[in-house]
Amino acid sequence: MIPVPPPSEPATKTRRPLPAVVWPLVALAAILVVDGFISPSFFSIRLVEGRLYGSLIDIVYRGTPIALLALGMAIVIGAKGIDLSVGSVVAIAGAVMAHFIHLGFDPAVVVAATLAVGLLCGLWNGFLVAVLSIQPIIATLILMVAGRGIALMINGGRIPTFRSDFFSALSTGRIWVIPSRLFLVALVFLVLWAVLRRTAFGLFVEAVGGNASAARLAGIGTRMVTLATYGISGVCAALAGIIITGDTRSSDAVTAGMWSELDAILAVVLGGASLNGGRIFLATTLVGVLIIQSLTTSILMSGLPPEFNLVVKAVVILAVLLVQAPKVRTAVGSLVAAFRPRRTER
Amino acid sequence: LTIGFSQVGSEGDWRPAFSKDMKDEAAKRNIDLKYSDAQGKEENQLKAVRSFIAQKVDAIIIAPVVVTGWDAVLKEAKAAKIPVFLADRDVDSDPSLFVTRISADFNLEGRLAGAWLAQASKGKCDVVELQGTVGSAPALQRKKGFESVTALFPDIKIVKSQSGDFTTAGGKEVAESFIKATNGFKGICAVYAHNDNMQLGAIQAMKEAGLKPGKDVLLVSVDGVPDMFRLLAAGEANASVELKSDIGKNIYDVVEAYLKGKTDFPKWVLIPSDLHTQADAAAELAKRGLK
Amino acid sequence: MDVPARPRVVMRGITKTFPGVKALDGVDFTLAPGEIHALLGENGAGKSTLVKVLTGVLAADAGTVELDGVPIRVASPAAAQDLGINTVYQEVNLVPTLSVAENLMLERQSSRFGLISWRKTRERAEAALARLKIHVDVGRSLGSCSLAIQQLVAIARALDRDTRVLVLDEPTASLDAHEVEGLFTVLRDIRARGIAIVFITHFIDQVYAIADRITVLRNGRFAGTGTIAEVPRMRLVTLMLGKQIESHYAERPTTESIDQTGAPVIAATGLGRARWLEPIDLSVRAGEVVGLAGLLGSGRTETAKLLFGAERADKGSLVIDGVPVTLRSPGQAIRMGFGFCPEDRKHEGLILDLSVRENLILALQCRRGWWNRVGQAEQNRIAAEMIAALGIATPDAEKPVGQLSGGNQQKVILARWLAAKPRLLILDEPTRGIDIGAHAEIVGLIRRLCREGLALIVASSELEEIVAFSHRVAVLRDRRKVSEIVGADITQSTIVEAIANS
Amino acid sequence: MRERRLPILATIAVFVLLYALGGLHFNHFLSTGVFGNLLTDNAFVIIAGLGMTFVILSGGIDLSVGSMIGFVGIAMATMVAHGWHPLAAIAVLLVMGIVLGALMGWIIDAFEIQPFIVTLTAMFLLRGLCFVISLDSVPIKHPFVEAFSDFHLALPGDGWLSGPALVMLAALAFAVVVAHFTRFGANVYAVGGDAASALLLGVPVRRTIVGVYALNGAFGVLAGATYAFYTSSGYPLAASGVELDAIAAVVIGGTLLTGGVGLVIGTVFGGLIQGLIQTLIIFDGSLDSWWIRIVIGGLLFVFIVLQKLIMRSVTALGASAAPG
Ligand SMILES: Nc1ncnc2c1ncn2[C@@H]1O[C@H](COP(=O)(O)OP(=O)(O)OP(=O)(O)O)[C@@H](O)[C@H]1O
Ligand SMILES: Nc1ncnc2c1ncn2[C@@H]1O[C@H](COP(=O)(O)OP(=O)(O)OP(=O)(O)O)[C@@H](O)[C@H]1O
Ligand SMILES: [Mg+2]
Ligand SMILES: [Mg+2]
């Protein structure tokens, strides 16, 4: 038996890595810098017709529908779900909104009805997932397929147009010099943040997303939580539908919000969340939205033939993903470290 | 009489109107129409045509999504002795496999738009183009037709061209970014859109940027949907080439004549395209009972 | 130090740092062929980490490993297996969706003409299990087997292959005495064949029953080594903990705490569920501890889950505080003041990605409901309190709980329920994987909670601890309650008798 | 073992039920012709679904397969137009598909980037490359392709098995052997069930993941070639959205998206059920555009619920028949 020196100080602490928020921001900044080279007027912001005008504003402005979708999606993904139906819910919401406007209802009623329909759509998804325990991708695929049919039916197979001062003001108008839809996103963000972090909801969602059976045994009503996440996503999609439909003052059931579910999911992932659930990052999700939208806007600005759009988008997204991946950074870090000592030796 | 009709989908304003006309006209003529909406996918159309064959319908009408890829199923239809008619878009199969194509000419539409613009701008114009869905036949043909005319005028140039996917929202977003990139359409004299929906979006974008559509910039597009006539009448757009949607009667006339034994059809029964401007817009609206 | 002539494994100066923790700090470890070497230490001492370095799961930051005198660098568990190092990891690390046979034979299936022959593979799997005297349907999916069976399958897998080094990280944590004895027989047999065995456990008795030598780690450092004879029990404990502990086991619990007047907190009559548990009668009063004893698969876990509403009963009735109640969900049970620590902490207990703090307040938050959030300050206070009270080894409360050592994870689950201040606590194997120091603390804790008026139901495979804290013991066999032993009659031998007879 | 066959049995039961329903309702429905069409028309989705089955079993997902089909078609058509033999073109594309798949698998595993996103990027990339190669659809005119599309193996009645159907059946046989009778297949199940445990059990996880995506790439190319032969052309917009059809086929076939659970054969029935839903709607032929979409969604829903009900009742039956 060998006596051994007694234990001394407790386990030493090592330096913590940079917060994850940094990397999406770095990617965004890089894209913007490239834009600045492509178009020198990119960063100029001026007042036109009494509102702020410029490419940067455009990015934020155009990004709002995806931002609304992505905020809802972030919560669904936090609970280890996924919602493919948001694009179709956008279409349904647009159709409902156009229909109610044509019936001559007050804007408040129209908004309430549209959001209610969005909530209903979300609850339907939630019902399939939580109560019938259908896998989320397939459960929401059902509404994704059928939803556009429902919207088309409400529209009577046409693209109804409408005039509504309220919705034009909401979607394309401004408050002071700032586009009013930005206030809407800010409001939604704050409300969701409060719901997540000022009530127990956020913890419950993350617990369900992290380990549903453990969450149930800890007493969480996992069904209610799941239902709620999809409900929120549905309402967010309806809001996006209001913005998109109000923008063109017409409800196009076939193309409104087409493929936007993929952009929304992409934004959430670029924001640092895992599709395996367990964490919700609202703020970085918005950064993810800005990355996607600035990419789209820069391609439009650049004058590249449209057949190259997707290739460019793919390459840039891959680059952003690689920059963000911690594994890549450690690999690069060790490569750099491997080269450094040699240099100092010389 | 049972006829199978495989439609592309229900996108935009024009196509649903076309589908509706086909159905209404079929009901009028006591035709049992088997309608199938392919949602823009070729594979769905192939399934539909094969099912029509299995159902032993009397004739098949196809509005093809793409020009290629029809040989095999057309041969199957021929083997089953079911005549096939094409509506709207073309196919590049052996012409003996179908009876005839009844449609307008996309290329001609593009040329009409180009000719109008050449005349309106006196052969000198920087054009911004809003393309349809990348790779789709109407987008390709309308672009080619338009360019075949503008190529004759050295001072007409397409300075910017992007896809707005045939949608109002797409047209608006692309137009917005063009407005920004050209600093408020400085030096731009015209916007050519491959369909009216995109042009509607562009008009909204211009208004929001403080421009006067139809005055500051010439606007020409294709389709002639009711909303475009209204804008023409209001002086907010300049010209639109009409693609007629009430062509059900033309098509069924041909089909019924064929089934009654007439065989000497041209391979393309052309439906004429007209260009409408602010001058005749009001009259056209009245003619269609629109307001 | 009498290191045998040719050690099989020599690890020198192994160092491993995780963000925020130095798990291993220059640890030396020597393993001889034909010996069973017990690796001991408190929860979080670094035992599992050392083993994972040896088996290629983790790469050490510094240090060397030699196998039979040859320096090796083990890049992956697959490489370790090719070197003849077979391992049973602490958390059962098998694939729950695969069948028992597929798990046993993964990467070593019998094949014919280049294609797998499933018939032969199954036969070999059955043979491997038979050696441990386990008889299960090898076609069954592993996830549907009890934790104990899973652990036995993992052991069978490690034994099945030509082995130079066998590493067992707490293999006996979910086994009962009978199974443990079976395992030991096999271990003695393979030791005789000259195989080197590393055996990690918190059961000191088992160490002295089977091990030849002992190495102790403390706080990630080498604390000492020697043969069994050189390290008597008291010395070993001092070496591990750096202090002495007094045993609670000698004394029997007093009955004063039991509230004999009111209705029992919970009383089940004929409670059962088809294919799950035969109807059972059980009641607990405030201040009383009821032990659930039985062999593997006897139905202890089932009883606990049924009483908590985690599974719905389809027979019988439940009376809570004298009022008949139908339990529909754990949430409802929690609102009635129940708490439940499941035996399978990885799958049913913890939310591994959430922080220690968040895991700790989960049950309390559920009691309070959605709107009444536990404030940030209160969360921090509770976390700090619980970490201190149970001695949870973590650098701070924000560390994801998945990064704690096994025993500390177990403490977090316990702490979660203590924070929720329940009236009835159902514990399924609460001391699984907990070191002797903490073990004593938990037994002490159970007694204290009971004195404070809590009602407790505790299922455990360790008869010694059941005897130490139970006022009554329900003995289960074949998913049926076969007898109930009360008060002074509770001894290890009466329980064993009840299990065996009846 | 029995419990694992349950979902697939339920799937087959629903397929038969749906088919019988169609037969009762429509003339000419219960013919080998319709059945042959079903195999032919859905062959490429099913082939894509077979590759997808491996991906999903391994716990991943692939969104790029639709674009892959489009890309293979347009690339092959362009190559044939430049004088290549179609088989030579397929061989080259197969290598490319395998390399691209392997690369995706490697990125997914080595950098721990989620499959959903990596394959989404590949989806954009491949579709973008389609446009770069050609905006027009390009016909494939080659005697070999004509022979392939004229090839028919007659079935009793008025039906036949076409080239695509036979390719699909061959691909199925291959997939079944790989999934159920090789170590690679067993490892895919293990990785999908619990990747961390599989690694500890000695499964070469990296190699398995890379292999899965490479294999999926090969199936994607095969699906693309089948589609190109089926339409004798390449079209840059072809098969958009097919990735969702393929995923749906896999999941309807009883495979869990969480990985580790499912059978290859299920995917075939999953694909056939989707085709059947469409066939029923086309046979009806009276629905408006919107009802078509709603009914497709509705039937999908009905089917999934039916499958669940069948599984539940069978489990309950088994419970009462054989306790323990
Ligand atoms: N993946 C990881 N990330 C961060 N820290 C870790 C990780 N794995 C282990 N640790 C830390 O390393 C230390 C040693 O852990 P280890 O699992 O080796 O303990 P142990 O001796 O096996 O304890 P137990 O008896 O509880 O199983 C602990 O402080 C633990 O929190
Ligand atoms: N030695 C064994 N051989 C075969 N089957 C067993 C064995 N031990 C347990 N089982 C089976 O495992 C299943 C689950 O056991 P379960 O965990 O529910 O029991 P338990 O009483 O909670 O046991 P413990 O808590 O000791 O693990 C039962 O179906 C049981 O029959
Ligand atoms: Mg350990
Ligand atoms: Mg148990």
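Everything quoted here is computed from the prediction, not taken from an experiment.

1. Digging into helix 9 (residues 300-308) of chain C
Residues and elements named next belong to chain C.
Next up, step 1: The buried fraction of helix 9 is high, at nine of nine residues.
Next up, step 2: For helix 9, every residue scored as buried is listed here: Arg-300, Thr-301, Glu-302, Thr-303, Ala-304, Lys-305, Leu-306, Leu-307 and Phe-308.
Next up, step 3: Positioned one or two residues after helix 9, Gly-309 has a phi angle of 80 degrees, which is positive.

2. Quick look at the interface of chain B and chain A
Next up, step 1: Each partner contributes residues to the interface: chain B has 31 residues there, and chain A has 30 residues.
Next up, step 2: The junction of chain B with chain A conceals about 2,500 Å² of combined surface from both sides, 50% of it contributed by carbon and sulfur atoms.
Next up, step 3: The largest share of the area that chain B buries against chain A comes from Gln-162, Lys-180 and Glu-208 of chain B, three residues that together contribute 25% of it.
Next up, step 4: In this structure, the connection of chain B to chain A is made through four salt bridges.
Next up, step 5: When the shortest N-O distance is used, the salt bridge between Glu-176 of chain B and Arg-62 of chain A registers 2.7 Å.
Next up, step 6: If you look at where chain B meets chain A, you find nine residue pairs in polar contact (both at pLDDT 80 or more).
Next up, step 7: Of all the secondary-structure elements, those providing two or more residues to the side of chain B that touches chain A are strand 7 (155-163), helix 6 (168-181) and helix 7 (196-208) of chain B.

3. Observations concerning the domain arrangement of chain C
Residues and elements named next belong to chain C.
Next up, step 1: Considered domain by domain, chain C is made up of domain 1 (9-241), domain 2 (245-337 + 422-502) and domain 3 (352-421).
Next up, step 2: The C-alpha-based centres of domain 2 and domain 3 are spaced at 24 Å.
Next up, step 3: At the interface, 17 residues of domain 2 touch 11 residues of domain 3.
Next up, step 4: For the pair domain 2 and domain 3, the summed buried area comes to about 1,200 Å², and 73% of that belongs to carbon and sulfur atoms.
Next up, step 5: A per-residue breakdown of the area domain 2 buries against domain 3 is headed by Ile-334, Pro-422 and Leu-445, which together make up 39% of the total.
Next up, step 6: Linking domain 2 to domain 3 there are zero salt bridges.

4. Observations concerning the site of ligand 2
All names here are of chain C.
Next up, step 1: Around ligand 2 lies a shell of 14 residues, among which Gly-299, Arg-300, Thr-301, Glu-302 and Arg-479 are the nearest.
Next up, step 2: In the model, an oxygen atom of ligand 2 is placed 2.7 Å from a nitrogen or oxygen of the Arg-479 side chain.
Next up, step 3: Out of a free accessible area of 630 Å², ligand 2 has 79% covered by protein chains.
Next up, step 4: Of the residues forming the shell around ligand 2, the biggest block, three residues, is contributed by helix 9.
Next up, step 5: Here the shell around ligand 2 is composed, by residue class, of three nonpolar, six polar and five charged.
Next up, step 6: The residue makeup of the shell around ligand 2 includes at least three contributed by each of domain 1 (9-241) and domain 2 (245-337 + 422-502).

5. Some points on a nonpolar patch on the surface
Next up, step 1: On the surface, a cluster of nonpolar side chains totalling about 270 Å² of accessible area is made up of Leu-103, Phe-105 and Val-109 of chain A.
Next up, step 2: Assignment of secondary structure puts Leu-103 of chain A in the loop between helix 3 (86-102) and helix 4 (107-131).

6. Re a positive patch on the surface
Next up, step 1: A surface patch of positive charge is lined by Arg-112, Lys-120 and Arg-124 of chain C together with Arg-183 of chain D.
Next up, step 2: Note on placement: Arg-112 of chain C falls in strand 7 (residues 111-112).

7. Brief notes about the UniProt feature "domain: ABC transporter" (unreviewed entry) in chain C
Next up, step 1: UniProt records the feature "domain: ABC transporter" (unreviewed entry) for residues 9-244 and 253-498 of chain C in the present numbering.
Next up, step 2: As annotated, residues 253-498 of chain C comprises 38% helix and 24% strand, and the C-alpha atoms at either end are separated by 21 Å.

8. Thoughts on the coordination of the magnesium ion (ligand 3)
Residue and element names in this part refer to chain C.
Next up, step 1: Protein ligation of the magnesium ion (ligand 3) involves Ser-48 (OG) and Gln-90 (OE1), the donor distances falling in the range 1.9 to 2.0 Å. Taken together, the positions of Ser-48 in helix 1 (residues 47-54) and Gln-90 in the loop between strand 6 (85-88) and helix 3 (100-105) put the pair 42 residues apart, joining distant regions of the chain.
Next up, step 2: Classification of Ser-48 by relative accessible area gives buried; the value is 17%.
Next up, step 3: Residue classification places Gln-90 among the buried residues on the basis of a relative accessible area of 13%.

9. Observations concerning the site of ligand 1
Residues and elements named next belong to chain C.
Next up, step 1: Around ligand 1, a shell composed of 20 residues is seen, among which Gly-44, Ser-48, Thr-49, Gln-90 and Gly-407 lie nearest.
Next up, step 2: One of the side-chain nitrogen or oxygen atoms of Asn-43 is found 2.8 Å away from an oxygen atom of ligand 1.
Next up, step 3: Gly-406 has a polar backbone atom sitting 3.4 Å from an oxygen atom of ligand 1.
Next up, step 4: The protein chains hide 88% of the 640 Å² of surface that ligand 1 would expose on its own.
Next up, step 5: Of all the secondary-structure elements, those providing two or more residues to the shell around ligand 1 are strand 2 (21-31), helix 1 and helix 14 (406-420).
Next up, step 6: Ranked by residue count, the leading element in the shell around ligand 1 is helix 1, at three residues.
Next up, step 7: Tallied by class, the residues present in the shell around ligand 1 amount to five nonpolar, 11 polar and four charged.

10. Overview of the sheet that holds strand 10 (residues 196-200) of chain C
All names here are of chain C.
Next up, step 1: What the six strands build is an open sheet, ordered 6-9-10-3-11-12; its pairing is mixed. Here the strands that pair on one side only, and so sit at the sheet edges, are strand 6 and strand 12 (221-227). On average, each strand axis in the sheet is inclined to that of its neighbour by 15 degrees, with strand direction left out of account.
Next up, step 2: The pairing of strand 3 (residues 36-41) with strand 11 (residues 213-218) spans five bridges and is parallel. Pairing of Leu-40 across the sheet is with Val-216, part of strand 11.
Next up, step 3: Contacting strand 6 and strand 9 (165-169), helix 5 (residues 147-160) runs over the sheet at an angle of about 175 degrees to strand 6.

11. A word on the sheet that holds strand 13 (residues 266-273) of chain C
Residues and elements named next belong to chain C.
Next up, step 1: Strands sit in the order 14-13-16-17 across an open sheet of four strands; the sheet is antiparallel. Two strands bound the open sheet, and with one partner strand each, they are strand 14 (277-284) and strand 17 (323-325). Direction aside, neighbouring strands of the sheet carry axes that sit 25 degrees apart on average.
Next up, step 2: Looking at chain direction, strand 13 and strand 14 are connected through five bridges and run antiparallel. Among the inter-strand pairings, Ile-266 is bridged to a residue of strand 14, identified as Val-284.

12. Points about the interface of chain A and chain C
Next up, step 1: Tallying the contact residues gives 36 residues for chain A and 50 residues for chain C.
Next up, step 2: Regarding the contact of chain A and chain C, the summed buried area is about 3,300 Å², with carbon and sulfur atoms giving 62% of it.
Next up, step 3: Run the count over chain A and chain C and you get one salt bridge.
Next up, step 4: With a closest N to O distance of 3.2 Å, Arg-279 of chain A and Glu-358 of chain C form a salt bridge.
Next up, step 5: Tallying contributions element by element places helix 8 (residues 201-210) of chain A first for the side of chain A that touches chain C, with six residues.
Next up, step 6: Partitioned by chemical class, the residues of the side of chain A that touches chain C number 19 nonpolar, nine polar and eight charged.

13. Examining the confidence of the model for chain A
All names here are of chain A.
Next up, step 1: Per-residue confidence for chain A averages 86 on the pLDDT scale, and 91% of its residues sit at or above 70.
Next up, step 2: Residue range residues 1-16 is modelled with pLDDT below 50. Its contacts to residues more than four positions away, or to other chains, number 32 contacts.
Next up, step 3: Every residue in residues 342-346 is under pLDDT 50, and counting partners more than four places away or in other chains gives zero contacts.

The rules behind the values
- Residues numbered from 1 in each chain as written.
- Chains lettered and ligands numbered in written order.
- Predicted model: local features only at pLDDT ≥ 70, side-chain atom pairs only at ≥ 80, totals over all residues.
- Heavy atoms only, no water.
- Buried < 20%, exposed > 50% of the residue type's maximum accessible area, 1.4 Å probe, protein only.
- Helix = DSSP H or I, 4+ residues; strand = E, 2+ residues; numbered from the N terminus.
- Contact = heavy atoms within 4.5 Å.
- Buried area = accessible area lost by both parts, 1.4 Å probe.
- Salt bridge = Lys/Arg side-chain N within 4 Å of Asp/Glu carboxyl O.
- Polar contact = N/O pair within 3.5 Å; in protein donor to acceptor, adjacent residues only side chain to side chain.
- Domains from an automatic or database assignment.
- Near = heavy atom within 4 Å.
- Areas by Shrake-Rupley, 256 points an atom, 1.4 Å probe, with all protein chains shown as cover.
- Nonpolar A, V, L, I, M, F, W, Y, C, P; charged D, E, K, R; others polar.
- Patch = residues over 30% accessible without salt bridge, like charges linked within 9 Å, V, L, I, M, F, W, Y side chains within 5 Å.
- Lys, Arg positive; Asp, Glu negative; His and termini not counted.
- Charge placed at Lys NZ, Arg CZ, Asp CG, Glu CD.
- UniProt positions renumbered as here; feature names shortened; annotations may be inferred.
- Donors = N, O, S within 2.8 Å, 3.2 Å for Na, K, Ca; no water.
- Pairing = 2+ DSSP bridges.
- Axes fitted to C-alpha atoms, helices over the stretch in contact; angles between N-to-C directions.
- pLDDT = per-residue confidence, 0-100.

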